[in-house]
Amino acid sequence: MDIGGINFVTLLSTLIVASVPILLAALGELVVEKSGTLNLGVEGMMIVGAVTGFVAAVSTGNPFLGFVAGAAAGAAMAGIFAVLTQVLLANQVASGLALTLFGLGLSSLIGQGWNGIRPPVTGDVPLGPLAEIPVLGPIVFSHDWMVYLSFAMVFAIGWYLKSTRGGLILRAVGESHAAAHALGYKVRRIRVLALLFGGAMAGCGGAYVSLVRVPQWTDGITSGAGWIALAIVVFASWKPWRVLLGAWLFGGISVLQLNLQAAGSRIPVEYLSMSPYVITILVLVLISSGRGRTMGAPADLGRTFHTSQ
Amino acid sequence: MMRLEKRATPSRAWAIATPLLAVALTMIAGGILFALLGKDPVAAIRTIFWDPLFNPQFAAYSRPQLLVKAGPLILIAIGLSLGFRAGVWNIGAEGQYVIGAITGAAAGLALYPMDSRLIFPLMVLAGAAGGFAWAMIPALLRTVFRTNEILVSLLLVYVAQSLLSSMALGALRNPEGGGFPGSRNLSQWASSANPELLTGTGMHWGVVAAFIAVIFAYVLLQRHMLGFSIRLAGQAPRAARFAGVSPRRLVIICFGISGALAGLAGLFEVTGPAGQINLDFAQGYGFTAIIVAFLGRLNPVGILLAGLLMALTYIGGELAQFMLGLPAAAIQAFQGMLLFFLLAVDILTNYRIRWSSRETV
């Protein structure tokens, strides 16, 4: 299975781990955008989740509490955004940017003195004989519980949006807040809840970066994963299962470029490390230029809702 | 209960008062944050906002720094503000700043060690062209393929940073640098140096360019058809289309101007204060300029003042780091907080708050 010094079973196995943070963050943002709000602060929520999760896990010695703390911190950040955009009717683009700038500063402030520490290990789920299956075992059955939780979330969110009453209302609010309001739905409350959920998912994804993916704390550890998550929502045309596909694609590219670096590729390191961003841009171009323009974007995405208008 | 009533026109008085209110609120919240970090909040705020200007021990050094730091911020923010007014979101100025520095420095270094008065102007042109070209990527992808310009311009920042380290370690590395990363020091080569123009003021060519940009933007917005189109497109996109304003043209123009200005800022920085292309060259000016643009209410004169204030937080932050052991990141969090408060109190400009005993909604 070795091609050019790279083992493909290991590659696919690490691809799945590498894609978890962007998968979680992108799923959260998908729900947020379906409700009609554009939160560009994903990177900020992720990195605050990463540092909070790291600090909580190291000080309690329990990685589970780390993920809970990361999610809570992400939701708290989203809460700031919700107050700004839903209560104080601030511009969503500017508020999202503010959230990212603030999050980058705050995370490095909290993380002072936590550099160079190893977090407690998030162990693999014991699946017994399943993990022993050749090829399939290492790729599918030897991961930690967050990996399986993230897969479960793809199905849960897909089912919720498509087949439940709550999902229908959420989508209605995103497509036309005026109509949803006229029908008596609480537009603002639904959007705030969606934002808090999205923040928790992003925070959880961030915690996965600092607890499993890297695992340590350094400033700017998420290095643009939040922005790639935003791009993946567009790539996925606002469909959950396509988010999974997108996350694998980008997880794959980042793992592959790291493997190429390790294998001593002739391409300079800097060009390999920029490749995930370049390819994200290329994919965005391909997706945006094809077919219809909106491709499933909620009609009221990014519009401010106020009852007097 | 609180009820919001939209104003027919934004309040002029609040438009001026809100930035001041936001600064005051940030000082209070920042003080609380510093207290939580175990620092004396009053001393921290005084060290950041008062000491750099008036403390006899530091003012002589830190006052000139004010213009050094404010120059690039103002230059970049002026460009961004034109786009933000028109609803064109260039948030990748950091990348355009880095590329401008690289292309400008490369143009100069290609001629090293020739001595000529023409080298610096040539580098200025190359820097502006580099920033312009880098900004054209999201602009053209937007107009040709309808790709989201926010995401593309931002993702390009990470690409630019990789290019920067590649240049510092490779093509532009100083051959006499003993293998260390970084280019030749451009501020020490007479033909490329961007020195202080008036001793003791911190005024260099980048600051001059920033002042010119402020005047240029003011005239453009007040007196020129393009400025009118920009304002119209932001306030009433549909009306703008009926009036014959081409949205595509506006995207190209706004990105072009802001990219070129960010590139210029990068060039002036690499030939002056920074001195060389190096791994730590990018300092986040491109992102802080976003805050400067909003704090200045997207108004040229406002941006001038906001740039000076933000420069003060940088200098005061360094001083607080040195005097009180306040972590460097505290300032970035502080600046982010300022933008939060600004956006939050902006509601007073656009809405009237009514208090009523009971509300139906």
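Looking at an unreviewed UniProt entry, one finds chain B named ABC transporter permease, with Falsirhodobacter algicola as its source organism. Per UniProt, the comment on chain B under Subcellular location (unreviewed entry) is "Cell membrane".

Per an unreviewed UniProt entry, chain A goes by ABC transporter permease and derives from Falsirhodobacter algicola. In UniProt, chain A has this text filed under Subcellular location (unreviewed entry): "Cell membrane".

**With respect to the overall build of chain A**
Scanning chain A from terminus to terminus reveals 12 helices and two strands. The helix and strand sequence of chain A, counted from the amino end, reads β-β-α-α-α-α-α-α-α-α-α-α-α-α. If one aligns the C-alpha atoms of chain A with their principal axes, the spans along those axes are about 65 × 45 × 40 Å. Relative to its 309 residues, chain A shows a buried fraction of 56%. Within chain A, contacts between residues at least 6 apart in sequence are counted, and of these 77% link residues at least 24 apart. When the accessible area of chain A is evaluated, it comes to approximately 12,200 Å², of which 67% is carbon and sulfur surface.

**Some points on the interface of chain B and chain A**
Each partner contributes to the interface: chain B provides 42 residues, whereas chain A provides 48 residues. Buried surface at the junction of chain B and chain A, both sides included, amounts to about 3,900 Å², of which 81% is carbon and sulfur. Seen at the junction of chain B and chain A, the total is zero salt bridges. Scanning the region where chain B abuts chain A turns up two residue pairs in polar contact (both at pLDDT 80 or more). At the level of secondary structure, the elements contributing two or more residues to the side of chain B that touches chain A comprise β1 (2-6), α6 (119-145), α7 (149-169), α12 (285-295) and α14 (329-345) of chain B. A total of 14 residues in the side of chain B that touches chain A trace back to one element, the largest contributor, which is α7(B). Broken down by class, the residue content of the side of chain B that touches chain A amounts to 34 nonpolar, six polar and two charged.

**Some thoughts on helix α1 (residues 12-36) of chain B**
With 25 residues, α1(B) should cover 36 Å at 1.5 Å per step; its first-to-last C-alpha distance of 37 Å lies within 8% of that length. The largest bend along α1(B) measures about 30° and falls at Thr18(B), with the proline Pro19(B) one to four residues further on. Turning to α1(B), its buried residues are Thr18(B), Pro19(B), Ala22(B), Val23(B), Thr26(B), Ala29(B), Gly30(B), Gly31(B), Leu33(B) and Phe34(B). Buried positions along α1(B) lie against α4 (92-110) of chain A together with α2 (41-49), α12, α13 (300-324), α14 and α15 (347-350) of chain B.

**Points about the packing of helix α4 (residues 59-86) of chain B against α13(B)**
Residues and elements named next belong to chain B. Relative orientation of the contacting elements α4 and α13 amounts to 135°, with a least axis distance of 7 Å. The angle between α4 and α13 places the two elements in the oblique class. With respect to the hand of their crossing, α4 and α13 are arranged in right-handed fashion. Two secondary-structure elements touch here, α4 through Ser-62, Gln-65, Leu-66, Leu-67, Lys-69, Ala-70, Leu-73, Ile-74, Ala-77, Ile-78 and Ser-81 and α13 through Pro-300, Ile-303, Leu-304, Gly-307, Leu-308, Met-310, Ala-311, Leu-312, Tyr-314, Ile-315 and Glu-318.

**Brief notes about the pattern of salt bridges**
Tallied over the entire structure, the rule returns five salt bridges over all chains. Arg303(A) is the salt-bridge partner of Asp300(A), the closest N and O atoms lying 2.9 Å from each other. Of the charged contacts, one joins Lys69(B) and Glu318(B) as a salt bridge, the two residues approaching to 3.5 Å between their closest N and O atoms. Placement of the pair is Lys69(B) in helix α4 and Glu318(B) in helix α13, with a sequence separation of 249 residues. On the accessibility criterion, Glu318(B) (38% relative accessible area) is partly exposed.

**Here's the deal with a nonpolar patch on the surface**
Residues and elements named next belong to chain B. On the surface, a nonpolar cluster with roughly 470 Å² of combined accessible area is contributed by Ile-215, Tyr-218, Val-219, Val-301 and Leu-305. Of all the secondary-structure elements, those providing two or more residues to the nonpolar patch are α8 (205-223) and α13. The dominant element in the nonpolar patch, judged by the number of residues it contributes, is α8, at three residues.

**With respect to the confidence of the model for chain B**
Per-residue pLDDT for chain B has a mean of 88; in total, 98% of the residues score no lower than 70. What the predictor reports for the complex is a pTM of 0.90 with an ipTM of 0.87.

**Considerations on the packing of aromatic side chains**
Tallying each qualifying case throughout the model produces 17 aromatic pairs over all chains. Residues Phe49(B) and Phe334(B) carry aromatic rings whose centres are separated by 5.9 Å and whose planes lie at 45° to one another, so their mutual orientation is tilted. With Phe49(B) in helix α2 and Phe334(B) in helix α14, the pair connects residues that are 285 residues apart, well separated along the chain. With a relative accessible area of 13%, Phe49(B) lands in the buried category. Given a relative accessible area of 2%, Phe334(B) falls into the buried group. Here Tyr97(B) and Phe281(B) contribute two aromatic rings whose centre-to-centre distance is 5.4 Å and whose plane-to-plane angle is 10°, an arrangement assigned as stacked. One end of the pair, Tyr97(B), is in helix α5 (residues 93-110); the other, Phe281(B), is in the loop between α11 (247-271) and α12, with 184 residues separating them in the sequence. Within the aromatic cluster, the residues linked to one another by ring pairs are Phe64(A), Phe67(A), Trp145(A) and Tyr208(A).

The rules behind these values
- Residues numbered from 1 in each chain as written.
- Chains lettered and ligands numbered in written order.
- Predicted model: local features only at pLDDT ≥ 70, side-chain atom pairs only at ≥ 80, totals over all residues.
- Heavy atoms only, no water.
- UniProt positions renumbered as here; feature names shortened; annotations may be inferred.
- Helix = DSSP H or I, 4+ residues; strand = E, 2+ residues; numbered from the N terminus.
- Buried < 20%, exposed > 50% of the residue type's maximum accessible area, 1.4 Å probe, protein only.
- Contact = heavy atoms within 4.5 Å.
- Areas by Shrake-Rupley, 256 points an atom, 1.4 Å probe, with all protein chains shown as cover.
- Buried area = accessible area lost by both parts, 1.4 Å probe.
- Salt bridge = Lys/Arg side-chain N within 4 Å of Asp/Glu carboxyl O.
- Polar contact = N/O pair within 3.5 Å; in protein donor to acceptor, adjacent residues only side chain to side chain.
- Nonpolar A, V, L, I, M, F, W, Y, C, P; charged D, E, K, R; others polar.
- Expected span 1.5 Å × (residues − 1).
- Bend = angle between axes of the 7 residues up to and from the residue.
- Axes fitted to C-alpha atoms, helices over the stretch in contact; angles between N-to-C directions.
- Parallel < 35°, antiparallel > 145°, perpendicular 65-115°, else oblique.
- Left-handed = near helix turned anticlockwise from the far one by under 90°.
- Patch = residues over 30% accessible without salt bridge, like charges linked within 9 Å, V, L, I, M, F, W, Y side chains within 5 Å.
- pLDDT = per-residue confidence, 0-100.
- Phe/Tyr/Trp six-rings, centres within 6.5 Å; stacked < 30°, edge-to-face > 60°.

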